[in-house]
Every structure is written in structure tokens, then in C-alpha cells.
Amino acid sequence: MSFSSDVKNELCKTKNRQPCCEKAECYGMLLFGHSFSRSAVSLTTEHTPTARRAAQLTAALTGAIVSTRTMLRRASHPAGTVSVEDERDRMRVLSAFGHSGSEVPLRLNRANLEGECCPASFLRGAFLSCGTVFDPQKDYRLEFVTPHMHLSRDMSALLGELPLELQPGVSRRRSLYVVYIKGSSHTADLLTLMGAPHAAMQMMQVKMLREVRNHINRRTNFETANLDKTASAAARQIYALKRLQDCGAGISALPAELQNLARLRCQNPELSLRELGKQLTPPLSRSGVNHRLQRITELSEKIYRERNSD
Ligand SMILES: [Zn+2]
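Residues numbered from 1 in each chain as written. Predicted model: local features only at pLDDT ≥ 70, side-chain atom pairs only at ≥ 80, totals over all residues. Heavy atoms only, no water.

A.B. asks: Just to check I follow, could you spell out the domain arrangement of the protein chain for this structure?
C.D. replies: It is common to give the size of an interface as the accessible area that goes away when the parts come together. Split by domain assignment, the protein chain resolves into domain 1 (3-195) and domain 2 (230-309). Here the C-alpha centre of domain 2 lies 73 Å away from the C-alpha centre of domain 1. (Domains from an automatic or database assignment.)

Pasting the structure below:
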């Protein structure tokens, strides 16, 4: 089950408190359905509760006879079609929402969003018909998809007017217009407004888990990078000391105050600077060890070069 269908299941359980909101939701469903014109009023959905809800609302609000059909496009995805077959019934539905059925372009009739309560219900209807929300494991994004350019602009304007500051965008996908909301908090706010607070909460929980996991990964990467640095510095020091011995000079060719540390480093290639410092008598700070190891390496390389140029 996808996150989108979880959201739609939750939305289909929402009750409209006012008759105005019931009408607004039904309008959202039909306007953003498959067709909303004199020749066809229909919507197609793979989500069965949406088909049932659309049919019930349309019949109850307009008195039209609404037929529902299920077609098995793929075994796992039965597509339900809700349509008004009779032309007089279609005219009745269209005029109930203040449409003539021959509008070009198709626009949003704001008269159907009477109260401040209504946009939430309208958006729920539109989302049930044409909406998708991405799985929060992958992205935070909610979309309304329509073939009508002006309708996509009207939707974007409506979303932008909400007090949620959603910053909607519109993009093209082939012949379709996609009105989208991005970001976890914008998406969760809109889900809550439409009537899916549980899904919104689920999304924020996934986000928090992802953040904690990323934080841990960053820290682990940081530690690994530091380990690599320690390892390659130690390798360079040990290589210089090995060549010092190979050329016959040996550690005793180094100044007396460096010899203990040089021996310690050869015997313990895995130790960090701090750990090396603790093993010296008297103990030496990390930067003290670092400074001396640099001198040891430089001197060893210098002695090796001198011996080999003879
Ligand atoms: Zn209302």
C-alpha cells in the first residue's frame, strides 16, 4: 500500500461538518476528475473508497443518477470510473456548480467555496481525484495533476492564498500541468488541512528518523576520514624511519630527545598522537608529539638522502 493511498483512505473517512463543505468537496472531485463538460462528467480512480465517495456525494447533492464501473486494467490495480451517463443529469450536475458545461478554458468557480471552511474540503476533493503525495522515505512533495492550464493556475492561486504559506509551484509533465507543494512542513500542513493529520504526523516522524540517521552517518564519515588521515601520517613516519634503518644510520642517528618517540612510533603504528604522548616519560601533548614526529620524519628523510648521495 502506497503512502498516497494511506492518505486517501484517511481523507475518505473525514466527515464534512457543513453542507457548504460537502458541496465544495464534491466540486473538487468532479472539477479535477477526468471530464467536467456537457459531453462527459466523470472521474477515474484506482482508489475504490474515492470512487464510492464521489458517487455518493454527487448523487446526494445533485439528484443525478451516477454510475460506477470497475475495470481491471491490471490485476492489482482495478480502476473505478464514476460517471453521469444521462445528458440532462449532466446538465443538472454542471449547473449545481454554476457551470454551463461549455467553458473554454475550464476555470475554478469561486462561488462554490462560500465559507472560510470550504477550501479545505475542496482541496480534499481535488486531491482524491487527481492528487499524489510522495513516500516520505523518498521525498516530501504533494501534487495535483490536471490537463487544464488555467485550472492549474487557479489551483496554485488558491493554495497560495491559504494562511499556510505553502509556496506552490506549477510545472509541465508532457501534456499535463502539475501543481506541487514541496518540503516536509508545507506538505504536512496541507495534509492536515485536507483532513489527514495522521499521515502528516507519520511524515514528520519519518523526517525525524531520517535526520537522526543522517547525523549518525555524517559523524561516522567524519571519524573514518580522521582515521584515514592518522593512518596515512603514521605510514609516512614509519616509512621514513624504515629507510633510516635501511641506509645503516638507524634511530640512534636522530637527536637523543627524539629517539624514544621514534622507537615508540615504529612499534605502535596504530596509535594516535594523543595516545603516543601518554606513553612518553614525561608525557607529551598531542601538538608536542605532532611537532616532534614532523622533525623525526624530516630528519630521517634528510639523513637518508645524504647517505644515498655519497
Ligand atoms: Zn464550508
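A.B. asks: Could you clarify how one ought to interpret the coordination of the zinc ion in this entry?
C.D. replies: Protein coordination of the zinc ion is provided by C20 (SG), C21 (SG), C117 (SG) and C118 (SG), with donor distances spanning 2.3 to 2.4 Å. For the zinc ion, the donor residues sit on a single chain with the sequence spacing C-C-x95-C-C. Across this residue pair, the class does not change: C20 and C21 are buried. (Donors = N, O, S within 2.8 Å, 3.2 Å for Na, K, Ca; no water. Buried < 20%, exposed > 50% of the residue type's maximum accessible area, 1.4 Å probe, protein only.)

A.B. asks: Help me understand the packing of helix α5 (residues 118-130) against helix α6 (residues 149-161) in this model?
C.D. replies: Each pair of packed helices gets described by two things: the angle between the helix axes and the distance between those axes. Closest axis-to-axis distance for the α5/α6 pair is 12 Å, and the angle between their directions is 135°. Taken together, the axes of α5 and α6 are oblique relative to one another. Two packed elements cross with a definite hand, and for α5 against α6 that hand is left-handed. Contacts from F122, L123 and A126 in α5 reach M155, L158 and L159 in α6. Tallied by class, the residues present in the contact of α5 with α6 amount to six nonpolar, no polar and no charged. (Axes fitted to C-alpha atoms, helices over the stretch in contact; angles between N-to-C directions. Helix = DSSP H or I, 4+ residues; strand = E, 2+ residues; numbered from the N terminus. Parallel < 35°, antiparallel > 145°, perpendicular 65-115°, else oblique. Left-handed = near helix turned anticlockwise from the far one by under 90°. Contact = heavy atoms within 4.5 Å. Nonpolar A, V, L, I, M, F, W, Y, C, P; charged D, E, K, R; others polar.)

A.B. asks: In this structure, what is going on with the packing of aromatic side chains? I would like to understand it.
C.D. replies: Pairs of aromatic rings are described using the distance from one ring centre to the other and the angle between the two planes. Going through the model one piece at a time under the given rule, you end up with six aromatic pairs. Here the aromatic rings of F32 and F122 are separated by 6.2 Å at their centres, their planes lie at 70°, and the arrangement is edge-to-face. With a gap of 90 residues between them, F32 in the loop between α2 (19-31) and β1 (35-36) and F122 in helix α5 connect regions that are remote in the sequence. Every member of this aromatic cluster is reached through a ring pair, and the members are Y27, F32, F36, F97 and F122. Above the plane of the ring of Y180 lies R141, whose end atom (NZ or CZ) is 4.4 Å from the centre. (Phe/Tyr/Trp six-rings, centres within 6.5 Å; stacked < 30°, edge-to-face > 60°. Lys NZ or Arg CZ within 6 Å of the ring centre and 35° of its normal.)

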